[in-house]
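Working through the structure, step by step
For reference, the chains in residue letters:
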Amino acid sequence: MPSATKSFAPILVPILLIGFSSVITFAGWEGPLFSFFLFLGSPVVALLVGVLFAFTLLPKFDEETLTNC
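In what follows, the accompanying structure is described. Numbers given for residues are sequential positions, taken from 1 along each chain in its written order. Confidence filtering applies because this is a predicted model: local features only for residues at pLDDT of at least 70, side-chain atom pairs given and counted only at 80 or more, and all residues used for totals across whole chains, interfaces and linings. Side-chain descriptors were evaluated using all non-hydrogen atoms of the structure, hydrogens and water having been removed beforehand.

1. Focus on the overall build of the protein
This is how it is decided: Only DSSP runs of H or I covering at least 4 residues are called helices, and only runs of E covering at least 2 are called strands; the numbering of each starts at the N terminus. As a reference, a globule follows 2.2 Å times the number of residues to the power 0.38, and the radius of gyration itself is taken over C-alpha atoms.
Within the protein, the secondary structure is distributed over 4 helices and 0 strands. In sequence order, the secondary structure elements of the protein are arranged as α-α-α-α. The C-alpha atoms of the protein give 17 Å as radius of gyration, which overshoots the globular expectation for 69 residues (11 Å, by more than 25%). Overall size of the protein, expressed as C-alpha extent along the three principal axes, is 55 × 20 × 15 Å.

In structure tokens form, the structure reads like this:
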């Protein structure tokens, strides 16, 4: 079983990225770092980041897991 952090990461990371992007937009912060976070905070990209975190939950496929049917 994965840890609680790994289990909640695919859900919480996109929410935090979208929320941080909204704060940046509201506060009117500018700069290259904030532009990068605005990109990561766009909903489609944030959900893609969540999917990438979800891939860490997949089991490893090695000889042991493939032969234990």
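2. Regarding helix α1 (residues 4-27)
Rule in force here: Multiplying 1.5 Å by the helix residue count minus one yields the expected span of that helix. Throughout, bend refers to the angle between the axes fitted to the seven residues that end at a position and the seven residues that start at it. The buried label goes to any residue with under 20% of its type's maximum accessible area, the exposed label to any with over 50%, and the partly exposed label to all in between, with areas taken from a 1.4 Å probe on protein chains only. Residue contacts follow a heavy-atom distance rule, with two residues in contact if any of their heavy atoms lie within 4.5 Å.
Its 24 residues give α1 an end-to-end C-alpha distance of 32 Å, which sits within 8% of 34 Å, the value for a rise of 1.5 Å per residue. By the largest-angle criterion, Pro-10 marks the main kink of α1, which is about 50°. Within α1, burial applies to Ala-9, Pro-10, Pro-14, Leu-17, Ser-21 and Ile-24. Against α2 (32-40) and α3 (43-55) lie the buried residues of α1. Count one or two residues on from α1 and you reach Gly-28, which has phi positive near 75°.

3. Focus on the packing of aromatic side chains
Applicable threshold: Two rings belonging to Phe, Tyr or Trp (six-membered ring only in the last case) form a pair when the distance between their centres is within 6.5 Å. Interplanar angles under 30 degrees mark stacking, angles over 60 mark edge-to-face geometry, and anything in between is tilted.
By the definition in use, this model includes 3 aromatic pairs. Between Phe-20 and Phe-37 the ring centres are 5.2 Å apart and the planes differ by 90°, which places this aromatic pair in the edge-to-face class. Here the residue Phe-20 occupies a position in helix α1, and Phe-37 occupies one in helix α2, the gap between them amounting to 17 residues. For Phe-37, a relative accessible area of 25% gives the class partly exposed. With a centroid separation of 5.9 Å and 65° between ring planes, the pair formed by Phe-36 and Phe-37 is classed as edge-to-face. Through pairs of rings, three or more aromatic residues link up here, namely Phe-20, Phe-36 and Phe-37.

4. A few points about the nonpolar core
How we decide: Only buried residues count toward a nonpolar core, which is a set of Ala, Val, Leu, Ile, Met, Phe, Trp, Tyr and Cys residues joined through side-chain atoms within 4.5 Å.
If you look at the biggest cluster of nonpolar residues, it comprises 5 residues: Leu-17, Leu-40, Val-45, Ala-46 and Val-49. Ranked by residues supplied to this core, first place goes to α3 with 3 residues. The residues contacting Leu-40, other than those within four sequence positions of it, are Leu-17, Val-45, Ala-46 and Val-49.

5. Let's talk about the environment of Ser-22
As for its placement among the helices and strands, Ser-22 is situated in helix α1. Taking the C-alpha atoms as reference points, Ser-22 and Pro-32, separated by 10 residues in sequence, lie 16 Å from one another.

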